[in-house]
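# Results of the structural survey
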There are 2 protein chains.
Amino acid sequence: MKVLVLGAAAGGGYPQWNCNSTLCRRVRAGDPAARPRTQSSIAVSADGARWAVFNASPDLRQQFNDNPALHPKEGLRHTPLGAVVLTNADVDHVAGLLTLRERQAFALYASGRVQEALAANPIFNVLHPDYVARRALELGQAAAIRDGKGADLGLTVTPFAVPGKVALYLEDQSAGPDFGTREGDTIGLKIEAAGQGRGFYYIPGCAAVDGPLAERLQGAPLVLFDGTLYHDQEMVEAGLGSKTGKRMGHISISGPEGSLAAFDGLGVGRRIYIHINNSNPVLLEDSAERRSVEAAGWEVAYDGQEIEL
Amino acid sequence: MKVLVLGAAAGGGYPQWNCNSTLCRRVRAGDPAARPRTQSSIAVSADGARWAVFNASPDLRQQFNDNPALHPKEGLRHTPLGAVVLTNADVDHVAGLLTLRERQAFALYASGRVQEALAANPIFNVLHPDYVARRALELGQAAAIRDGKGADLGLTVTPFAVPGKVALYLEDQSAGPDFGTREGDTIGLKIEAAGQGRGFYYIPGCAAVDGPLAERLQGAPLVLFDGTLYHDQEMVEAGLGSKTGKRMGHISISGPEGSLAAFDGLGVGRRIYIHINNSNPVLLEDSAERRSVEAAGWEVAYDGQEIEL
């Protein structure tokens, strides 16, 4: 099984269009310790030929251009893409669907809640039902991922609920502290290559590592995990916004409730932070925070990273 | 007045993610006579500091990255962008609005029909009304373009109806040959710098040059015009699709009803094709079609092109 990181950054990307922080200025200046990253998306293949994309970032066209594995290979119209799988309805995970127009067959997998969010936006009708099959993922049920015409990609996905929050544009301000979040709004995925006996976890958005999640991840060979923020307060302290990580539905890396602490002792083989916000100092290869996560055995994902499993 | 071409290609861009034609293979191979182009968007500034973007292409994040004029200049959060103006609701003109999130004030100008199309898609609520002022353009009425806080950008825009078609995802298949197209679905714009006595026309989508349009453009110093297709049948003949230019609401460059013929004798100073589809051979700098349009006095827009007026 091959995993290709198409975009390692969180919403906005690195740099973000309207951000003038030190981190964003360094990446714009071409600083070699501050590499640019596009928004959150990975591609996975069991056979190296047919791919499923997990989350469709707004940068998907650029990501397809930058990764020859995803270029068309035959005929006049072709794509190695067989399916898209979504973990939530955030803009940084669904806007790229609008790139996948032009009458190309593929399948679109998401929870019922996320499928509803898409159906409520007629602009996604550019993915015409004659070409794009929308299929619902059920929590706890392994799904064999098939392309738009029903051919098995050799990948099995098992979705599970993780602590999280509904997408920003779907927040119900009158619904109390969870803004109307319901089951299926944010999911994690176990992704396996059928018959290869290997699997990994992809969890780009997660508000906390609770008991059931810790138990699930125990001993996993590979986890790609929510690395949005280093400090829960970092956007507030940097003057970049008013929201904490908790308010955004993202666990932090540091702190007693952070992911570094939560993964300690879980025996996960390879741990990679992904979905990294442009405020997160781990993006800087010369930062103390980068040294700190690396010392704890974590990697920081980057665009174009290839992982063989 | 400065005009900056952010993206010269039509929907899909050049190359298009799922297109394996000779044109797309040449650009992917790095052929110097086949330069890549992102999707349709331009930026205009009266003072060189504050910019209005005309059409928000899906590639807008990449386009902002690639053009230093649009980088933030001061403080922690900033943008030289003051306003976005839309000529229709096509995906290649509106998807980039989703990039302009993150609580940044600007103004969004479009016809009432296009504003309705946006309002019908809750995903665009990421542009929160506390920050983004949506303002309606009225056909035939000059509008002074102001930023989100009301400051005048020094640009005046006069919208006018052009022959065209409603956006693909809004087509009403039961509505007859015009698919329910109504006034305001596709507009052209006259863009002037206040007090500078100069102006130009921006018409990236247009189905025909009829009498009123020809009269309007007579003697204009600069027109950026719909260069989607060279031949009305080129997508069909290349095996890339079943639609003619007429079906897509785009005039062709060649032929007795094409734009080369229609502009002949209009006395337009500078004529530049923009919104160029990846099937159009004028994209190839060594093609007979490129030589033909250049011999007729036209230019073919490219990403990063700067025009002083």
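Since this is a predicted model, take the numbers as computed values, not measurements.

### Considerations on the overall build of chain A
- Counting secondary structure elements, chain A contains nine helices and 14 strands.
- In terms of overall size, chain A behaves like a compact globule, its C-alpha atoms giving a radius of gyration of 18 Å where 309 residues would be expected to give roughly 19 Å.
- Referenced to the eigenvectors of the C-alpha coordinate spread, the extents of chain A come out at roughly 50 × 45 × 40 Å.
- Every one of the 309 residues in chain A was classed for burial, and the buried ones make up 60%.
- Long-range contacts, defined as pairs at least 24 residues apart, comprise 68% of the intrachain contacts of chain A with a sequence gap of at least 6.
- Of the roughly 10,900 Å² that chain A leaves accessible, carbon and sulfur atoms contribute 49%.
- Both charge centroids of chain A, one from 29 positive and one from 35 negative side chains, sit 5 Å from each other.

### Digging into the interface of chain B and chain A
- With 57 residues of chain B at the interface, the matching set in chain A holds 57 residues.
- Of all residues in chain B, Trp17, Arg61 and Arg77 of chain B give up the largest surface area on contact with chain A, accounting jointly for 20% of the area buried on that side.
- Here chain B is connected to chain A by two salt bridges.
- The closest approach of N and O atoms between aspartate 59 of chain A and arginine 61 of chain B, which form a salt bridge, is 3.6 Å.
- Inspection of the region where chain B meets chain A yields 29 residue pairs in polar contact (both at pLDDT 80 or more).
- Sorting the residues of the side of chain B that touches chain A by element identifies helix 2 (60-66) and helix 3 (91-94) of chain B as the ones contributing at least two each.
- The biggest single contributor to the side of chain B that touches chain A is helix 2 of chain B, with four residues.
- Residue composition of the side of chain B that touches chain A, grouped by class: 23 nonpolar, 23 polar and 11 charged.

### Remarks on the pattern of salt bridges
All names here are of chain B.
- All chains considered together, the criterion is met by 28 salt bridges over all chains.
- For glutamate 192, the salt bridge identified is with lysine 190, shortest N-O distance 3.9 Å.
- Residue glutamate 192 is classed as partly exposed on the basis of its relative accessible area of 25%.

### Describing the nonpolar core
- Counting residues in each nonpolar core, the largest one holds 66 residues, and the members touching the most others are Val84, Leu97 and Leu100 of chain A together with Val84, Leu97 and Leu100 of chain B.
- Not counting residues up to four positions away in its chain, the partners in contact with leucine 100 of chain A are Leu60, Phe64, Leu81, Val84, Phe106 and Leu127 of chain A together with Trp17 of chain B.

### Details of the sheet that holds strand 6 (residues 132-137) of chain A
Residue and element names in this part refer to chain A.
- Here we have seven strands laid out as an open sheet, ordered 6-5-4-3-2-1-14, and mixed in their pairing. Strand pairing shows two members of the sheet lacking a second neighbour, strand 6 and strand 14 (306-308), which therefore form its edges. Each neighbouring strand pair of the sheet contributes to a mean axis angle of 20 degrees, computed without reference to strand direction.

### Brief notes about the confidence of the model for chain A
- In this model, chain A carries a mean pLDDT of 95, and residues with pLDDT of at least 70 account for 100%.
- Our summary of model confidence lists the complex with pTM equal to 0.96 and ipTM equal to 0.96.

### Side note on the sheet that holds strand 6 (residues 132-137) of chain B
Residues and elements named next belong to chain B.
- The seven strands lie next to each other as 6-5-4-3-2-1-14, forming an open sheet whose pairing is mixed. The strands lining the two open edges of the sheet, one partner per strand, are strand 6 and strand 14 (306-308). Here the strands of the sheet are splayed against their neighbours by 20 degrees on average, with no regard to which way each runs.
- Pairing between strand 5 (residues 106-111) and strand 6: six bridges, direction parallel. Across the sheet, residue alanine 107 finds its bridge partner in strand 6, namely alanine 133.

### A short note on the relation of the copies chain B and chain A
- When chain B is fitted to chain A, the residual RMSD is 0.0 Å, and the transformation amounts to a turn of 180 degrees plus an axial shift of 0.0 Å. The transformation relating the two chain copies, once decomposed into turn and shift, fits a two-fold axis. Rotation axis and chain B: the residue whose C-alpha lies nearest the axis is asparagine 121 of chain B, separated from it by 2.3 Å.
- Both copies contact each other with a shared surface, as 100% of the interface residues of chain B are interface residues in chain A too.

### Considerations on the pairing of strand 8 (residues 152-161) of chain A
Residue and element names in this part refer to chain A.
- Counting buried positions along strand 8 gives eight out of 10 residues, so the element sits mostly inside the fold.
- Bridge analysis of strand 7 (residues 143-146) against strand 8 gives four bridges, and the strand direction is antiparallel. Within strand 8, the residue paired with isoleucine 145 across the bridge is leucine 155.
- Count of turn residues in the strand 7/strand 8 antiparallel hairpin: five residues, of which glycine 150 carries a positive phi of about 100 degrees.
- Pairing analysis gives seven bridges linking strand 8 to strand 9 (residues 187-193), with the strands arranged antiparallel. Note on strand 9: the bridge partner recorded for proline 159 is leucine 189.

### Brief notes about the pairing of strand 5 of chain B
- Where burial is concerned, most of strand 5 of chain B is hidden: six out of the six residues are buried.
- In terms of handedness, the path from strand 5 of chain B via helix 4 (residues 112-119) of chain B over to strand 6 of chain B forms a crossover that is right-handed.

What counts and how
- Residues numbered from 1 in each chain as written.
- Chains lettered and ligands numbered in written order.
- Predicted model: local features only at pLDDT ≥ 70, side-chain atom pairs only at ≥ 80, totals over all residues.
- Heavy atoms only, no water.
- Helix = DSSP H or I, 4+ residues; strand = E, 2+ residues; numbered from the N terminus.
- Rg over C-alpha atoms; globule rule 2.2 N^0.38 Å.
- Buried < 20%, exposed > 50% of the residue type's maximum accessible area, 1.4 Å probe, protein only.
- Contact = heavy atoms within 4.5 Å.
- Areas by Shrake-Rupley, 256 points an atom, 1.4 Å probe, with all protein chains shown as cover.
- Lys, Arg positive; Asp, Glu negative; His and termini not counted.
- Charge placed at Lys NZ, Arg CZ, Asp CG, Glu CD.
- Buried area = accessible area lost by both parts, 1.4 Å probe.
- Salt bridge = Lys/Arg side-chain N within 4 Å of Asp/Glu carboxyl O.
- Polar contact = N/O pair within 3.5 Å; in protein donor to acceptor, adjacent residues only side chain to side chain.
- Nonpolar A, V, L, I, M, F, W, Y, C, P; charged D, E, K, R; others polar.
- Core = buried A, V, L, I, M, F, W, Y, C linked by side-chain atoms within 4.5 Å.
- Pairing = 2+ DSSP bridges.
- Axes fitted to C-alpha atoms, helices over the stretch in contact; angles between N-to-C directions.
- pLDDT = per-residue confidence, 0-100.
- Least-squares fit on C-alpha atoms with pLDDT ≥ 70 in both.
- Right-handed = clockwise from strand over helix to strand, strands pointing away.

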